[in-house]
Amino acid sequence: MTHRRHVLQLAAALALGAAMLPAAQAQSEPIKIGVILPMTGQQASTGKQIEGGIKLWQQQTGGKIGGRKVEVIIKDDGTVPDQTRRLAQELVVNDKVVALAGFGITPSALATAPIATQSKTPMVVMAAATSAITEASPFVTRTSFTLPQAAVAIAEWAPKNGIKKVVTLVADYGPGNDAEKFFADRFKLNGGQVLEQLRTPLRSPDFAPVLQKVRDTKPDALFVFLPSGQGAQFMKQFAERGLDKAGIRLIATGDVTDDDQLADMGDVALGVVNSHHYSAAHPSPANKKFVAEFEALNKFRPNFMAVGGYDGMRLIAKGLEQTKGAGGQALMDAMKGQTFESPRGNILIDAQTRDIVQDMYIRKVEKKDGQLWNIEFDVIKQMKDPGKSK
Ligand code: PHB
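Presented here is a report on the structure given in the accompanying data block. Just so we're clear, the structure is a prediction, and the values are computed from it rather than from any experiment.

### Here we look at the side chain of Thr 200
Inspection of the secondary structure puts Thr 200 in strand β8 (residues 193–200). Residue Thr 200 is classed as buried on the basis of its relative accessible area, which comes to 3%. If we ignore the near neighbours within four places in the chain, the residues touching Thr 200 are Leu 169, Val 170, Ala 171, Asp 172, Pro 205, Asp 206, Phe 207, Val 210 and Leu 226.

Dropping the structure here:
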């Protein structure tokens, strides 16, 4: 089917759906939110974490907004963008969701953005982190982070801490491109030198050849971005190839020292300095409560994806409270400018860009009570997405 026919059918189906639903009936029915996640496949840990965050929101609120029941419909896209798009279309046309949410990887979010635009359905990105996603539709907002935020933060820290020459290694797709570019630009601006820029494929990467190259190049440090779920395998190979022993420091975005996998990484992760918006060790009372309740409910440690899911539900709920359950442009407008305390710290949805403004922390992996944690030791307050100020 051509894209145009697809869109016309979608518009016709929506018009029919709205006409058939009397107002009184609409009020008594649950508000539906469609969440599309990778519950299977390579990014399944992202799906599991976000689902855990949504469940906690449901437990804390009774799954209600303004007294009205909320039905969260979770669909598994298996990390396949065509599936994400197809499921989004079904959720909008058949289930008549007021909002779409989730989106484990950038290609899934980008594939769905045209559906959000055509159907005027707000789309809350809880995971994917390429800067440009929020520019793909005026109906997109985000509760995760952007790679330019994380990459700029560590590129500020590194040159002040004895790191002058680096090699970069990123996953070869949207967020990796952002991480590579924004790290290198800021690092060079701060007097650093980038010796080489390496990439690995998103699917089934083999780190052995690139790590050999890094060994031969002998930088002060290797800067790494890999999507959540690949960190443990990377760390294992980093150690097996002896890069830690060769005196090459590792710096990264926090995706690599992800709280979901950190406990399984072993001592090779100790001392890795990285930048991110959330650590399960964040010392605020709000986070301590979040982690305790999340672990009691889900039986695993929350990572940044869980917080993206939890905050995404809170953002949608705050919007729906204002619109009294209405979706569309009204809900989108109601989410713009929202601000609240997340387990990560204070967050704001920038009303102009619809993207998230938040603190970016510099952390070091340390052992506390026999477990590994990302311990925050520095912060850049309330950072906007550097990708938007081009
Ligand atoms: C993305 O595909 O945008 C993505 C996925 C996982 C991450 C970061 C970004 O950890």
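### Details of the packing of aromatic side chains
In the structure shown here, the tally under the stated rule is 10 aromatic pairs. Ring centres 4.9 Å apart and planes at 50 degrees place the aromatic pair Phe 290 and Tyr 310 in the tilted group. Residue Phe 290 is found in helix α10 (residues 285–298), and its partner Tyr 310 is found in helix α11 (residues 304–323); the two are separated by 20 residues along the sequence. Classification of Phe 290 by relative accessible area gives buried; the value is 2%. With a relative accessible area of 8%, Tyr 310 lands in the buried category. Here the aromatic residues Tyr 278, Phe 290, Phe 294, Phe 300 and Tyr 310 are joined through ring pairs into a cluster of three or more.

### Here we look at the site of the ligand
Around the ligand, the structure places 14 residues, and the nearest of them are Thr 106, Ala 129, Tyr 173, Ser 228 and Asp 255. Within the backbone of Ser 228, an N or O atom sits 2.9 Å from an oxygen atom of the ligand. Here Asp 255 contributes a side-chain N or O atom positioned 2.6 Å from an oxygen atom of the ligand. Protein burial of the ligand: of its 280 Å² of free accessible surface, 100% is covered by the chains. If you map the ligand onto the pockets, it falls in the largest cavity. A breakdown of the residues in the shell around the ligand according to their chemical character gives 9 nonpolar, 4 polar and 1 charged.

### Observations concerning empty space enclosed by the protein
Applying the stated criterion across every chain, the model contains 2 cavities of 30 Å³ or more. In this structure, the largest cavity occupies an estimated 120 Å³ of space. In terms of lining, the largest cavity is formed by 18 residues, of which the most central are Gly 104, Ala 127, Tyr 173, Pro 227 and Met 305. Within the lining of the largest cavity, the residues separate by chemical class into 12 nonpolar, 5 polar and 1 charged.

Calculation criteria
Residues numbered from 1 in each chain as written. Predicted model: local features only at pLDDT ≥ 70, side-chain atom pairs only at ≥ 80, totals over all residues. Heavy atoms only, no water. Helix = DSSP H or I, 4+ residues; strand = E, 2+ residues; numbered from the N terminus. Buried < 20%, exposed > 50% of the residue type's maximum accessible area, 1.4 Å probe, protein only. Contact = heavy atoms within 4.5 Å. Phe/Tyr/Trp six-rings, centres within 6.5 Å; stacked < 30°, edge-to-face > 60°. Near = heavy atom within 4 Å. Polar contact = N/O pair within 3.5 Å; in protein donor to acceptor, adjacent residues only side chain to side chain. Areas by Shrake-Rupley, 256 points an atom, 1.4 Å probe, with all protein chains shown as cover. 1 Å grid on protein atoms, 1.4 Å probe; cavity = no way out; pocket = protein on both sides within 12 Å on 5 of 7 lines; lining within 4 Å. Sits in = over half its atoms within 2 Å of the grid points. Nonpolar A, V, L, I, M, F, W, Y, C, P; charged D, E, K, R; others polar. Points joined across faces, edges and corners; volume = space filled by probe spheres on them.

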